[in-house]
Protein chains: 2
Amino acid sequence: MISDHRYTKITGGYWKDKIDLNRNVTINAVYDRFAETGRIDAFRCDWKEGLPNRPHYFWDSDVAKWMESVAYILDAGSAPELEEKVEAIIDNIEKNQGEDGYFNIYFTVVDPQNRFKNRDWHELYCAGHLMEAACAYYKATGRDRFLKIMEKYADYIANVFMVEHSAAFVTPGHEEIELALYKMYKTTGEERFFTLMKFFLEMRGQPDNTEVPILGNIRYAQSHAPIREQHEAFGHSVRAMYLYSAMADLAGETGDEKLLEACRDLFRDVTSRKMYITGGIGSTCIGEAFTIPYDLPNAQAYTETCASIGLAFFASRMFKADPVKRSIYADIVELEMYNGVLSGLSLDGDKFFYENPLEIRMRDRSRITATGDRERWPITQRVKVFGCSCCPPNLTRFIPSIGDYFYAYDEEAKAVYVNQFGQSEFRCGGAAVTQETGYPLDGSVKISSNVPVYVRIPGWTRGRFTADAACVVDNGYARFEAGEFTVKFEIEPVLVAANANVVNDIGKAVLMRGPIVYCAEGVDNGGDVHTLVFDRTLLSEAVTELQEQFPAPVITVPGLRLKASDELYAPLGEQYERVEIRLIPYSCFANRGETDLLVYLNVR
Amino acid sequence: MISDHRYTKITGGYWKDKIDLNRNVTINAVYDRFAETGRIDAFRCDWKEGLPNRPHYFWDSDVAKWMESVAYILDAGSAPELEEKVEAIIDNIEKNQGEDGYFNIYFTVVDPQNRFKNRDWHELYCAGHLMEAACAYYKATGRDRFLKIMEKYADYIANVFMVEHSAAFVTPGHEEIELALYKMYKTTGEERFFTLMKFFLEMRGQPDNTEVPILGNIRYAQSHAPIREQHEAFGHSVRAMYLYSAMADLAGETGDEKLLEACRDLFRDVTSRKMYITGGIGSTCIGEAFTIPYDLPNAQAYTETCASIGLAFFASRMFKADPVKRSIYADIVELEMYNGVLSGLSLDGDKFFYENPLEIRMRDRSRITATGDRERWPITQRVKVFGCSCCPPNLTRFIPSIGDYFYAYDEEAKAVYVNQFGQSEFRCGGAAVTQETGYPLDGSVKISSNVPVYVRIPGWTRGRFTADAACVVDNGYARFEAGEFTVKFEIEPVLVAANANVVNDIGKAVLMRGPIVYCAEGVDNGGDVHTLVFDRTLLSEAVTELQEQFPAPVITVPGLRLKASDELYAPLGEQYERVEIRLIPYSCFANRGETDLLVYLNVR
């Protein structure tokens, strides 16, 4: 059993910089945008028809995630001005909570007659995010006012859905409350929240309930089958991740082998057939959804930031739930941390991507078509706020809670898992572990521990590492006895290729360095990245250089550029010129104006 | 000046087979479908609201093209049962022509109050096709009843548009009548038809006329600029081709250098930046239109059959109009003949493609998306009839008139151009030329001529040929003196690559043999063509074999197949297995059930 009572401190390096940026810039930028757009004041519940800033039915969740983010910041140190803002919001929630316990802005001031009438209106999703925030805030401050409010709300929901059956649907259209109720249960110890969580999970996809297909397709919200009979990832990718996370919570809590097997199948389906090399998932904008296996177009990748965060949630819960601690779970978390998640945030910390494409070609945006451009493309520059603003506060909560992914204490084995690498300290019960490392800039990790340690050997190493102490390797972990030792991973540029089933990437490769996916941007490569070609024989001449503007090194590698001729078609006799290909970490793309982007380069 | 009075007979080989198939199968299949759908009876003009088969505003043109097709068949021999059908239709046209000369089914029986009110309703387009049919039928039969009807109609149109200005628009939304009026002028010798043709051409894109943007974009119907200021191909590709054809007719007739230069620019823009290797043009289904240069996606290529035929029209007119007889014009005609045009017709002659993609992946059609499949894909099997059925009768008229593209007599030079190759005879004035050849199955062409001959050296030869007589080569033609001689082109499999600006084809190649583009189909290659890889070092081992079901050889070439691993991403170390890659002529794809298709294969 992995302990939930733990303390991690990120003491320096890559993630300390990100945490500081979040604390100093991002958290305030998101609050300011939410205040400007009326989301904060909406909690006063005094909006009336005719006033500006009509509340949207997902606004509660946006602000709740921001409140949860502040809780994680408070975990690491004081932040009175943020705490004050959270308290002011809680004041409003307290004031406007119904006698019955209900709290929802939209269904109080905009559409009160439709409470719990429409499965797709995010009502339980908003409740779930408020509950997550309440749990985190209680843990950070020890004050239970918010938690008590949400307990009362959860009890009301249990009454509506489990006793009165007075809602027009049985399970939420956008999953989230399930994992939140599990947090309520773990935070309060109250079985009744676990019962409600199980109710929502077990009722999902049952043939005799009153689920309504959402947007025309019952798979969209994963309602096509009971949870134990779900083995392939379908539908809206964020909803799927939140559901699978809760399924893993339940499987971990109960040891339900059949449910765990469904979770393993879903995890395997996502990570071995439906995930971009960046960790991005949900390849189509149509429904923000999964499509068919290996369907991973680069330029029109949807790959929502929230979906990457959701996969990190699912993966970290699978690590806890699965008795076989396989390093693949933490591998996926790492892939998301450095690539699919972080690409959602600008380097200066106040702008965001909702979608994270793997290819941009500005030329394609200027297609001149007869009837106007009906094609949908991801935006090419991060923006300060979205109408649908789920991703920014998901980033502000993911980053300050990053330490939760670093370590885990196994109470039976009385050993610590080191799942992620970075300058940090960990305490849990009597166990104490520290890491000294420049990871991911270099691959040397010095670990001190007073208990045995399982060190993850990252998948990207293909099992190669050195250590100055004895260890036993199993399932991708090297077990070391208590003491001080150094593990070294060789962090060098490597060309990685996709499975041949990903037909659009055949003949192409991606440069990775450790866990970091690299990309070529036009601004560094004379404007045109699409004609660049990796030459595998020249990879050893790559030069790695740390530049102040980027958190990980820039890589310059000699390669080729295919020259365009005057002819549209000519006998194959590729004309190449030798060029230096300049690559930056994928997560840093689109920070220097609009420019072309390519992750998969042709290779020869 | 190229003479219009000429006689060509296709006496055997590849095109004789196609002409016979058209005569015996296709022409009847199209008639039967038109009869079944009410198109033939619609000429009785007795449809009333409530009856089935409500006439569509482009039905006149469908049947007119079929009538024109019969005229070309009659040129080559008697066909009384077809002639009878044409006469019956002419009876109805004669009976239902207005006192004023007007004839249009839709605006007579469906929407009589809107005559010449809407620029996009194909009214003048239908008139143009009827005029083309009338000219061809007069030439074939010597009977002028139909021609006189259309003369009267043309005079009425001239009165409406040039005298009364009573139409709601100035130039047609779908060009076609311009080139038809030129044929009327050349057939009758009446200047007034040339005047009306010039009117429609010269008024197009003039800032002070009353053109209305069609479907939101004035470029869609090439109305964005006066004709001499059009230098890039925009908008609906078939409309563009018909317009450019008429522009070339006008430039050839008048010697207008500025107009000719615009035509050259348009031809260059299309053929060097916006044309598939198959000759297909109009890469997007959105508006059936041109997009930006080098934007040539393979799976979602639109590439309408009519557009390929239209480009052959434009190219053949450029050959006539341009005093510098460059072989590129006839090269493009040849490319269309063997690829982009013929792919529109099934091998059994009674089914058609409107769109001609260069890639099919059946897997992609089964994408499971949340909100249903909103993507648009070309169909994968030819069908017997379309609602919008412009392409089938365009094929039935193109094939029997194929001889018109073979030869041209230059009255000043008193020499014959041999533009296309095949078993055939040509007479014009006193000139007489015959070809004996198995082209394109082999590359040996024996020519006998009583006048000097310019023999096209096809672009695909890259200028390489041998001859057993002296010649002078210029602009892609070899000039031989009168006599008998043999020219030999080396017809061998060659790998051809697209310009590096076509970024989706980088790293790929197409196998061509002479003028014929080849493709791989799943049915010949174990289902999966996308993982096949050409190995350029093995190309010399290609085996060429004629099989009865295909009009040109099948080619088997040793190559590679990229093996899929269990991993989604792995260090680059491509695992290939050696395989035999089986290729068929592109024009023959989709004749053996639904199966994957690929024209561009990866190459190493």
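The structure displayed is predicted, hence computed values, not measured ones.

### Quick look at the overall build of chain A
Then comes step 1: A tally of helices and strands in chain A yields 14 helices and 22 strands.
Then comes step 2: Relative to the 2.2 N^0.38 estimate, which gives 25 Å for 604 residues, the radius of gyration of chain A is 24 Å and therefore close to what a compact globule would have.
Then comes step 3: Taken along the three principal axes of its C-alpha coordinates, chain A extends 75 × 70 × 50 Å.
Then comes step 4: Classification of the 604 residues of chain A by burial places 63% in the buried group.
Then comes step 5: At a minimum sequence separation of 6, the contacts of chain A that also span at least 24 residues come to 69%.
Then comes step 6: Accessible area of chain A: about 20600 Å², with a carbon and sulfur share of 48%.
Then comes step 7: Of the side-chain charges in chain A, 65 are positive and 87 negative, and the distance between the mean point of each set is 1 Å.

### Re the sheet that holds strand β11 (residues 477–480) of chain B
Two strands in a sheet stick together by hydrogen bonds in their backbones, pointing the same way (parallel) or opposite ways (antiparallel).
All names here are of chain B.
Then comes step 1: Spatially, β3-β4-β8-β11-β10 is the arrangement adopted by the five strands of the open sheet, whose pairing is mixed. Two strands close off the open sheet at either side, each with one partner strand: β3 (407–410) and β10 (472–474). With strand direction ignored, the average angle separating the axes of adjacent strands in the sheet is 25 degrees.
Then comes step 2: Sheet topology places strand β4 (residues 415–418) next to strand β8 (residues 453–456); three bridges connect them, and they run parallel. By the bridge assignment, Y417 is partnered in β8 with Y454.
Then comes step 3: Where helix α12 (residues 327–340) meets the sheet, its contacts fall on β8 and β11, and the angle it forms with β8 comes to roughly 55 degrees.

### Quick notes on the sheet that holds strand β12 (residues 483–488) of chain B
Residues and elements named next belong to chain B.
Then comes step 1: Overall, antiparallel pairing links the six strands, which are arranged β1-β5-β6-β7-β12-β9 in an open sheet. The open sheet is flanked by β1 (7–10) and β9 (466–467), the only strands paired with a single partner.
Then comes step 2: Where strand β7 (residues 444–449) meets β12, six bridges bridge the pair, whose relative direction is antiparallel. Of the residues in β12, the one forming a bridge with S444 is K488.

### Focus: helix α12 (residues 327–340) of chain A
Residue pairs spaced three or four apart in an α-helix point in one direction, given the helix's 3.6 residues per turn.
Then comes step 1: Helix length check: α12(A) (14 residues) gives 19 Å between terminal C-alpha atoms against 20 Å at 1.5 Å per residue, within 8%.
Then comes step 2: The element α12(A) is extensively covered by neighbouring structure, given that 13 of its 14 residues are classed as buried.

### Focus: the pairing of strand β3 (residues 407–410) of chain A
Residue and element names in this part refer to chain A.
Then comes step 1: Of the two faces of β3, the one lined by Y407 and Y409 and the one lined by A408 and D410 are each fully buried.
Then comes step 2: Here four bridges tie β3 to strand β4 (residues 415–418), and the two strands are oriented antiparallel to one another. The residue bridging D410 from the neighbouring strand is A415, located in β4.
Then comes step 3: Between β3 and β4, which follow one another and run antiparallel, lie four residues, and K414 among them has a positive phi close to 50 degrees.

### Here we look at the environment of K117(B)
All names here are of chain B.
Then comes step 1: Of note, K117 is situated in the loop between α4 (106–109) and α5 (123–141).
Then comes step 2: A C-alpha to C-alpha distance of 9.1 Å links K117 and S166, two positions 49 residues apart in sequence.
Then comes step 3: Residues within four places of K117 in sequence aside, it is in contact with E123, A168 and F169.

### Re unusual backbone geometry
Negative phi values dominate among residues other than glycine, just as trans dominates among peptide bonds.
Then comes step 1: Here Y439(A) and P440(A) are connected by a cis peptide whose omega angle stands at 5 degrees.
Then comes step 2: Tracing the backbone through its elements, the reader meets P440(A) in the loop between β6 (431–437) and β7 (444–449).
Then comes step 3: Even without being glycine, T303(A) reaches a positive phi, approximately 45 degrees.
Then comes step 4: On the secondary structure map, T303(A) appears in the loop between α10 (257–273) and α11 (305–321).
Then comes step 5: Looking at T303(A), the relative accessible area reads 2%, which means it is buried.
Then comes step 6: Unlike most non-glycine residues, H122(B) shows phi in positive territory, near 60 degrees.
Then comes step 7: Take H122(B): it is sitting in the loop between α4 and α5.

### Overview of helix α7 (residues 177–188) of chain B
All names here are of chain B.
Then comes step 1: In this model, α7 (12 residues) spans 16 Å end to end at C-alpha, consistent with the 16 Å of a helix rising 1.5 Å per residue.
Then comes step 2: Among all positions of α7, only I177, E178, L179, A180, L181, Y182, M184, Y185 and T187 are buried.
Then comes step 3: The elements touched by buried residues of α7 are α5, α6 (145–164), α8 (191–203), α9 (237–254) and α11 (305–321).
Then comes step 4: One or two residues past the end of α7 sits G189, with phi positive at roughly 75 degrees.

### Considering the state of the cysteines
Then comes step 1: The final tally for this structure, using the stated rule, is zero disulfides over all chains.
Then comes step 2: No disulfide involves C45(A); its sulfur sits 12 Å from that of C126(A), the nearest cysteine.

### With respect to the relation of the copies chain A and chain B
Note that the two copies of the chain are related through a rotation about an axis and a translation along the same axis.
Then comes step 1: When chain A is fitted to chain B, the residual RMSD is 0.0 Å, and the transformation amounts to a turn of 180 degrees plus an axial shift of 0.0 Å. Such values leave the two copies arranged in the relation of a two-fold axis. When each C-alpha of chain A is compared by its distance to the rotation axis, G507(A) comes out closest, at 3.4 Å.
Then comes step 2: Of the residues that chain A buries at the interface, 100% are likewise interface residues in chain B, meaning the two copies contact each other through the same surface.

### Focus on the confidence of the model for chain A
Then comes step 1: In the predicted model, chain A carries a mean pLDDT of 95, and the fraction of residues at 70 or more is 97%.
Then comes step 2: What the predictor reports for the complex is a pTM of 0.94 with an ipTM of 0.93.

### Some words on the packing of helix α2 (residues 59–76) of chain A against helix α14 (residues 391–398) of chain A
All names here are of chain A.
Then comes step 1: Between α2 and α14, the least distance of the axes is 8 Å, while the angle of their chain directions is 15 degrees. By the angle between their directions, the pair α2 and α14 is classed as roughly parallel. Handedness of the crossing formed by α2 with α14: left-handed. Here D62, K65, W66, E68, S69 and Y72 of α2 lie close against α14, whose contacting residues are P393, N394, T396 and R397.

### A word on the environment of S587(B)
Residues and elements named next belong to chain B.
Then comes step 1: With respect to the helices, strands and loops of the structure, S587 is situated in the loop between β20 (576–585) and β21 (597–598).
Then comes step 2: For S587, a relative accessible area of 4% puts it in the buried group.
Then comes step 3: Sequence spacing of S587 and P551 is 36 residues, and the spatial spacing of their C-alpha atoms is 9.7 Å.
Then comes step 4: Excluding its chain neighbours within four sequence positions, the residues that come into contact with S587 are Y14, Y338, N339, L342, S343, L345 and R382.

### Considerations on the packing of α10(A) against α12(A)
Residue and element names in this part refer to chain A.
Then comes step 1: The interhelical angle for the contact between α10 and α12, taken along N-to-C directions, is 45 degrees, at an axis separation of 12 Å. Judged by the inter-axis angle, α10 sits oblique to α12. Here the hand of the crossing between α10 and α12 comes out left-handed. Side by side, α10 and α12 meet where R264, F267 and T271 of the first sit next to I328, Y329 and I332 of the second.
Then comes step 2: Class assignment for the residues of the contact of α10 with α12 results in four nonpolar, one polar and one charged.

Cut-offs and rules
Residues numbered from 1 in each chain as written. Chains lettered and ligands numbered in written order. Predicted model: local features only at pLDDT ≥ 70, side-chain atom pairs only at ≥ 80, totals over all residues. Heavy atoms only, no water. Helix = DSSP H or I, 4+ residues; strand = E, 2+ residues; numbered from the N terminus. Rg over C-alpha atoms; globule rule 2.2 N^0.38 Å. Buried < 20%, exposed > 50% of the residue type's maximum accessible area, 1.4 Å probe, protein only. Contact = heavy atoms within 4.5 Å. Areas by Shrake-Rupley, 256 points an atom, 1.4 Å probe, with all protein chains shown as cover. Lys, Arg positive; Asp, Glu negative; His and termini not counted. Charge placed at Lys NZ, Arg CZ, Asp CG, Glu CD. Pairing = 2+ DSSP bridges. Axes fitted to C-alpha atoms, helices over the stretch in contact; angles between N-to-C directions. Expected span 1.5 Å × (residues − 1). Disulfide = S-S within 2.5 Å. Least-squares fit on C-alpha atoms with pLDDT ≥ 70 in both. pLDDT = per-residue confidence, 0-100. Parallel < 35°, antiparallel > 145°, perpendicular 65-115°, else oblique. Left-handed = near helix turned anticlockwise from the far one by under 90°. Nonpolar A, V, L, I, M, F, W, Y, C, P; charged D, E, K, R; others polar.

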